[in-house]
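Listed below are the residues making up each chain.
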Amino acid sequence: MNIQGRGAIVTGGASGLGEAVVAALQEKGARVASLDIAASASADHSFQVDITDEDAIANAIEQAAGALGEINFVINCAGIGIMEPIMTDSGPASLESMRRLLDVNLVGTYNVVRFAAPLMSGNAADEGGERGVIINTSSISALDGPAGFSAYAAS
């Protein structure tokens, strides 16, 4: 799909990988909305939102679609990492940490996709028959989790 002149949503677009994706898309001529808990200094549109909040993300995606004209790309870069050993001398790791990781890294990604995909399916097909592209990023830790990152690697 051609990037020039297209609308893109990048989660986690205010820093790190997400911020780099925002810049790369803009360099190719895309209009970009960042969905992040922090404000993006570089995206064309910035929506401060927690991707795990169902109502907030539905609203942000609707607003982003309006601001961009349409959503052609969704790139999910939002994620958190918590370093915590699975066990210590004082007992097992916190289950709450694991739940928060799964909420952001897995459920949050799914939450964005489930609200963006229906809007993208209404786009006119391009010359290749595509209506949009969704990319979900992951960490290499999924394949080779370092010590203390077992919950992160699982997420």
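Further up the page is the structure itself.
Here the structure is a predicted model, which means the values were calculated and not measured. (Residues numbered from 1 in each chain as written. Predicted model: local features only at pLDDT ≥ 70, side-chain atom pairs only at ≥ 80, totals over all residues. Heavy atoms only, no water.)

> Give me the overall build of the protein chain: which residues, what numbers.
Check the secondary structure of the protein chain and you find four helices and seven strands. When the helices and strands of the protein chain are listed from N to C terminus, the series reads β-α-β-β-α-β-β-β-α-β-α. For 155 residues, the compact-globule formula gives about 15 Å, and the C-alpha radius of gyration of the protein chain, at 17 Å, lands near that figure. When the backbone C-alpha atoms are referred to their principal axes, the protein chain occupies close to 60 × 30 × 30 Å. Within the span of the protein chain, comprising 155 residues, buried residues form 36% of the whole. Sequence-distant contacts, at least 24 apart, represent 61% of the contacts inside the protein chain between residues at least 6 apart. Accessible surface, the protein chain: about 8200 Å² in total, of which carbon and sulfur atoms supply 54%. Seen as two clouds, the 7 positive and the 18 negative side-chain charges of the protein chain have centres 7 Å apart. (Helix = DSSP H or I, 4+ residues; strand = E, 2+ residues; numbered from the N terminus. Rg over C-alpha atoms; globule rule 2.2 N^0.38 Å. Buried < 20%, exposed > 50% of the residue type's maximum accessible area, 1.4 Å probe, protein only. Contact = heavy atoms within 4.5 Å. Areas by Shrake-Rupley, 256 points an atom, 1.4 Å probe, with all protein chains shown as cover. Lys, Arg positive; Asp, Glu negative; His and termini not counted. Charge placed at Lys NZ, Arg CZ, Asp CG, Glu CD.)

> Explain the side chain of Asp36 to me, using residue names and the numbers behind them.
Note on placement: Asp36 falls in strand S2 (residues 31-36). No salt bridge is formed by the buried Asp36; the nearest opposite charge belongs to Arg100, separated by 9.9 Å. Within the structure, Asp36 has its side chain in polar contact with the backbone nitrogen of Ala14 (distance 3.0 Å). Not counting chain neighbours up to four residues away, the residues in contact with Asp36 comprise Gly12, Gly13, Ala14, Ser15, Phe47, Gln48 and Val49. (Salt bridge = Lys/Arg side-chain N within 4 Å of Asp/Glu carboxyl O. Polar contact = N/O pair within 3.5 Å; in protein donor to acceptor, adjacent residues only side chain to side chain.)

> An account of the pattern of salt bridges is requested, with residue identities and associated values reported.
Per the counting criterion, the structure on display carries one salt bridge. In this structure, the salt-bridge partner of Arg114 is Glu54, at a minimum N-O distance of 2.8 Å. Here the residue Arg114 occupies a position in helix H3 (residues 95-121), and Glu54 occupies one in helix H2 (residues 54-68), the gap between them amounting to 60 residues. Judged by its relative accessible area of 34%, Arg114 falls in the partly exposed class.

> Quick rundown of H3? Include the residues and the values.
An α-helix turns once per 3.6 residues; consequently, residues spaced three or four apart project the same way. Its 27 residues give H3 an end-to-end C-alpha distance of 37 Å, which sits within 8% of 39 Å, the value for a rise of 1.5 Å per residue. At Val107, H3 is bent by approximately 35 degrees, the largest bend along its length. Of all the positions in H3, only Ser97, Leu101, Val104, Asn105, Gly108, Thr109, Asn111, Val112, Val113, Ala116 and Met120 are classed as buried. The inward-facing, buried residues of H3 abut strand S1 (7-11), H2, strand S4 (73-76), strand S7 (133-136) and helix H4 (150-154). For H3, the N-terminal cap is Ser94; the gap from its side-chain oxygen to the backbone nitrogen of Glu96 is 3.1 Å. (Expected span 1.5 Å × (residues − 1). Bend = angle between axes of the 7 residues up to and from the residue.)

> Quick one: what's the story with the nonpolar core, residue by residue and with numbers?
When a protein is soluble and globular, its nonpolar side chains tend to lie buried together. Core analysis: the biggest nonpolar cluster contains 19 residues, and Ile9, Ala33, Leu35, Ile57, Ile61, Ile71 and Val74 have the highest contact counts within it. Elements with a minimum of two residues in this core: S2, H2 and H3. Ignoring anything within four residues of it in the chain, the contact list for Ala33 reads Ala8, Ile9, Val10, His45, Phe47, Ala64 and Leu68. (Core = buried A, V, L, I, M, F, W, Y, C linked by side-chain atoms within 4.5 Å.)

> Explain the environment of Ala124 residue by residue, including any values.
Tracing the backbone shows Ala124 in the loop between H3 and S7. Residue class for Ala124 comes out exposed when judged on its relative accessible area of 62%. As a C-alpha pair, Ala124 and Glu84 span 40 residues in sequence and 46 Å in three-dimensional space. What Ala124 contacts, discounting residues up to four positions off in sequence, is Glu130 and Arg131.

> Please provide a residue-by-residue account of the sheet that holds S4, values included.
Strand order in the open sheet formed by five strands is S3-S2-S1-S4-S7, with parallel pairing between adjacent strands. With partners counted over all chains shown, the strands left at the sheet margins are strand S3 (45-48) and S7, one partner each. Averaged over all pairs of adjacent strands, the angle between strand axes in this sheet comes to 15 degrees, irrespective of strand direction. Pairing geometry for S2 and S3, over four bridges, is parallel. Among the inter-strand pairings, Ser34 is bridged to a residue of S3, identified as Ser46. Its contacts with the sheet place helix H1 (residues 16-27) against S1, S2 and S4, and it is angled at close to 170 degrees to S1. In the packing of H3 onto the sheet, contacts are made with S1, S4 and S7, and the angle to S4 comes to roughly 175 degrees. (Pairing = 2+ DSSP bridges. Axes fitted to C-alpha atoms, helices over the stretch in contact; angles between N-to-C directions.)

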